[in-house]
Amino acid sequence: MRVEIVPCLKDNYAYLLVGDTGQTVVIDPSAAEPVTERVAREGLDLVGIWCTHHHLDHVGGVEALTLGRPDRYVVGSAYDAEHARILGQTRGLGQDEPLWFASRRTHVLRVPGHTLGALAFFIGGALFSGDTLFGGGCGRLFEGTPHMMQRSLDKLRALPEDTRLYCGHEYTVQNLEFAVTIEPDNAALVERLAQARALRSQALPTVPSTLGLELATNPFLRWDEPVVIAKARELGATSEEPDEVFAAIRRTKDSF
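1. Structural notes on the environment of Val245
In this structure, Val245 sits in helix α10 (residues 242–254). Relative accessible area serves as the criterion here: at 1%, Val245 is assigned to the buried category. With 158 residues separating them in the primary sequence, Val245 and Leu87 have C-alpha atoms 37 Å apart. Every residue in contact with Val245, bar those within four places of it in the chain, is listed here: Trp223, Val228, Ile229, Ala232, Ser239 and Glu240.

2. Topic: the sheet that holds strand β9 (residues 119–123)
Ordered by their spatial adjacency, six strands build an open sheet running β7-β8-β9-β10-β13-β14, and the pairing between neighbours is mixed. Strand pairing shows two members of the sheet lacking a second neighbour, β7 (99–101) and β14 (209–210), which therefore form its edges. Sheet topology places strand β10 (residues 126–130) next to strand β13 (residues 164–167); four bridges connect them, and they run parallel. Bridge pairing links Leu127 to Leu165 in β13. Sitting on the sheet, helix α5 (residues 146–157) is in contact with β8 (104–110), β9 and β10, with an inclination near 155° to β8.

3. Overview of the packing of helix α6 (residues 172–182) against α10
Helix packing geometry: the angle between the two helix axes and the distance between the axes. The geometry of α6 relative to α10 is characterised by a closest axis approach of 11 Å and an angle of 125° between their N-to-C directions. The pairing of α6 with α10 is recorded here as oblique in orientation. Helix-helix and strand crossings are classified by hand; for α6 and α10 the assignment is right-handed. Where α6 approaches α10, its residues Asn175, Phe178 and Ile182 are matched on the opposing element by Ile249, Thr252 and Lys253. When its residues are assigned to classes, the contact of α6 with α10 shows three nonpolar, two polar and one charged.

4. What to know about empty space enclosed by the protein
Scanning all chains against the criterion turns up one cavity of 30 Å³ or more. Around the largest cavity, the lining residues are Tyr13, Tyr15, Ile27, Asp28, Thr52, Phe128, Ser129, Gly130, Tyr166, Cys167 and Gly168. Counting residues per element, the ones that place at least two in the lining of the largest cavity are β2 (12–18), β10 and β13. If one sorts the elements of the lining of the largest cavity by residue count, β10 sits on top with three residues. Each residue belonging to the lining of the largest cavity can be placed in one class, and the counts come to six nonpolar, four polar and one charged.

5. Digging into unusual backbone geometry
Following Val207, the chain continues into Pro208 via a peptide bond in cis, with omega recorded as 0°. Tracing the sequence through the fold places Pro208 in the loop between α7 (187–201) and β14. Backbone geometry at Ala102 places phi at a positive 50°, although glycine is not the residue there. On the secondary structure map, Ala102 appears in the loop between β7 and β8. Among the residues examined, Ala102 registers a relative accessible area of 36% and is labelled partly exposed.

6. Here we look at the pairing of strand β1 (residues 2–8)
Two strands pair when backbone bridges link them, and β1 and β2 are joined in this way by seven bridges, in the antiparallel orientation. Counted as the bridge partner of Arg2 is Val18 from β2. Between the end of β1 and the start of β2, which pair antiparallel, lie three residues, with Leu9 showing a positive phi angle near 50°.

7. Looking at the nonpolar core
Grouped together as the largest cluster of nonpolar side chains are 27 residues, with contacts concentrated most on Leu109, Leu127, Leu133, Leu153, Leu156, Phe220 and Ile249. For this core, the elements supplying multiple residues, two or more each, are β9, α5, α6, α9 (226–234) and α10. Leu153 has contacts with Thr132, Leu133, Cys138, Phe220, Leu221, Trp223 and Phe246, leaving out every residue within four places of it along the chain. One finds Tyr15, Ile27, Val47 and Phe134 within the second-largest nonpolar core, a separate group that totals 21 residues.

Rules used throughout
- Residues numbered from 1 in each chain as written.
- Predicted model: local features only at pLDDT ≥ 70, side-chain atom pairs only at ≥ 80, totals over all residues.
- Heavy atoms only, no water.
- Helix = DSSP H or I, 4+ residues; strand = E, 2+ residues; numbered from the N terminus.
- Buried < 20%, exposed > 50% of the residue type's maximum accessible area, 1.4 Å probe, protein only.
- Contact = heavy atoms within 4.5 Å.
- Pairing = 2+ DSSP bridges.
- Axes fitted to C-alpha atoms, helices over the stretch in contact; angles between N-to-C directions.
- Parallel < 35°, antiparallel > 145°, perpendicular 65-115°, else oblique.
- Left-handed = near helix turned anticlockwise from the far one by under 90°.
- Nonpolar A, V, L, I, M, F, W, Y, C, P; charged D, E, K, R; others polar.
- 1 Å grid on protein atoms, 1.4 Å probe; cavity = no way out; pocket = protein on both sides within 12 Å on 5 of 7 lines; lining within 4 Å.
- Points joined across faces, edges and corners; volume = space filled by probe spheres on them.
- Core = buried A, V, L, I, M, F, W, Y, C linked by side-chain atoms within 4.5 Å.

By themselves, these figures tell us nothing about what the structure is for.
This is the structure we're talking about:
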């Protein structure tokens, strides 16, 4: 199985999971054209669509990709299915429900926070996190609470450190510029920001990163680090509880 990055819209990424036989699923097709072009160019067989959540910039290409192709299945969360939020969805998934591709079981993770129906997919050492976890950051809380999001991120940070992170947007530089205001003396973070800027100056993606790198540099996974706790206190956290620390950092990022 291999992963191909498909840039879409202004800063979105869709991802193709390609099996040994050419069977392929696409994750978060915000637009159909870049996906169909890549699939046709490489002679792939697109069999399914996986959606991390219902926002249009993640599902905008679903209708065109399934038009005249009822054999292409569309999965998203059970919550989004119950509320009919993804056009053409054929199956709703909950935590740890079985989802197979290329003879591999995908671990389906419910990660409410950015939206109430958000999912992440973990397969073959790769995590597709949508807008829950970004390179150097995390998603805004459009529907969930800080407690929900912190619990969801805690679920993701428990995965192996060599997990490759494929997130929904190219936000890494902006996220790391905020992160250094939280931990200006974090050498790994400063180095990562320089590397991310260099990649983007060449129009290269900063994805994938690794979970280990996120644990070392992403303030939204570092709520139990003393320096982050101290900064959160300065920013209005009322206790050292993980969700309070997270909430203070997230509120500050909202206006950064």
